[in-house]
Each structure stands twice: as C-alpha cells, then as structure tokens.
Amino acid sequence: MFFIEKDKKKLAKMTYSKAREDMFIIDHTEVAEALRGTGAGKRMVMAAVNYARENNLKILPLCPFAKSVFDKTEAIRDVLK
C-alpha cells in the first residue's frame, strides 16, 4: 500500500497486488475529503511509478483513478503494462 499520513492517520491510500514477478496491479485509490483537490492521489501514483522504475516493474492500473493519471501523463507510460 502507498499512503499519505498526517498525525498518525492515513488520509489517502492506494492499494496494489503483485500480479507477476515483474508486474503489479493498482486496484484502489482512496483520498479523504480533506485532501481532495490537493494532488494527493496523483502523488501516490507517482510514488508507485518511481517504485516500478527502481525495481524494473510494470504497472497495470485497474483502478479508474490510477488509469486516468496514466492516460493524462505520457511521461510515466514507460512502466505501463
């Protein structure tokens, strides 16, 4: 899970599952109302992209939000499955 925490409370989280040795699936993104519109969801997707790049992995974004970030951001499609 990737998450954003404040005062020991998770205000945003993005879950994933390992699909294969070289790929993981982003399956859910959730952001608390207090963080909506702040780019919190995109920051978590970008953290997943950086993780994928560092570990030579691909990402399959089944979560509609994560998929929309990939659709809008050509520069991160190198890790897209």
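This one's a predicted model, so the numbers in the text were calculated from it and none came from an experiment.

The pairing of strand E2 (residues 9–20) with strand E3 (residues 23–31) spans eight bridges and is antiparallel. Its bridge partner being in E3, Ser 17 is matched across the sheet by Ile 25. Connecting the antiparallel pair E2 and E3 is a turn made up of two residues. Of the strand pairs in this sheet, E3 and strand E4 (residues 58–61) are connected by four bridges, and their pairing is parallel. Paired with Ile 25 across the two strands is Leu 60, which belongs to E4.

This part takes up the confidence of the model for the chain. Do not read the fine detail of predicted coordinates wherever pLDDT is low. When pLDDT is averaged across the chain, the result is 96; 100% of the residues are at 70 or more. Across the chain, element-level confidence peaks in E4 with a mean pLDDT of 98 and bottoms out in strand E1 (residues 2–6) with 94.

What follows is about helix H1 (residues 40–54). Counted at 1.5 Å a residue, the expected span for H1 with its 15 residues is 21 Å, and the 21 Å between its end C-alpha atoms agrees. Every buried residue belonging to H1 is among Ala 40, Gly 41, Met 44, Val 45, Ala 48, Val 49 and Ala 52, and all of these are buried. Buried residues along H1 sit in contact with E1, E2, E3, E4 and helix H2 (64–72). Positive phi appears at Asn 56, one or two residues downstream of H1, with a value of about 50 degrees.

Below, the discussion takes up the environment of Asp 27. Inspection of the secondary structure assignment puts Asp 27 in strand E3. Its relative accessible area of 38% is what places Asp 27 among the partly exposed residues. Aside from chain neighbours lying at most four places away, what touches Asp 27 is Thr 15, Tyr 16, Ser 17 and Cys 63. Here Thr 15 takes part through its side chain, which lies 2.4 Å from a polar atom of the side chain of Asp 27.

Scanning the entire structure with this criterion turns up four aromatic pairs. Between the aromatic rings of Phe 2 and Tyr 16, the centroid separation amounts to 5.4 Å while the plane-to-plane angle is 40 degrees, which identifies the pairing as tilted. One end of the pair, Phe 2, is in strand E1; the other, Tyr 16, is in strand E2, and 14 residues separate them in sequence. Under the relative-accessibility criterion, Phe 2 is labelled buried at 15%. Looking at Tyr 16, the relative accessible area reads 34%, which means it is partly exposed. Here Phe 24 and Tyr 51 contribute two aromatic rings whose centre-to-centre distance is 6.0 Å and whose plane-to-plane angle is 70 degrees, an arrangement assigned as edge-to-face. Of this pair, Phe 24 sits in strand E3 while Tyr 51 sits in helix H1; the two residues are 27 residues apart in sequence, bridging distant segments of the chain. Among the residues examined, Phe 24 registers a relative accessible area of 3% and is labelled buried. A relative accessible area of 34% places Tyr 51 in the partly exposed class. Within the aromatic cluster, the residues linked to one another by ring pairs are Phe 2, Tyr 16, Phe 24 and Tyr 51. It is Lys 10 that lies over the ring of Phe 3; its NZ or CZ is 4.6 Å from the centre.

Here is what the cut-offs are and how they apply
Residues numbered from 1 in each chain as written. Predicted model: local features only at pLDDT ≥ 70, side-chain atom pairs only at ≥ 80, totals over all residues. Heavy atoms only, no water. Pairing = 2+ DSSP bridges. Helix = DSSP H or I, 4+ residues; strand = E, 2+ residues; numbered from the N terminus. pLDDT = per-residue confidence, 0-100. Expected span 1.5 Å × (residues − 1). Buried < 20%, exposed > 50% of the residue type's maximum accessible area, 1.4 Å probe, protein only. Contact = heavy atoms within 4.5 Å. Polar contact = N/O pair within 3.5 Å; in protein donor to acceptor, adjacent residues only side chain to side chain. Phe/Tyr/Trp six-rings, centres within 6.5 Å; stacked < 30°, edge-to-face > 60°. Lys NZ or Arg CZ within 6 Å of the ring centre and 35° of its normal.

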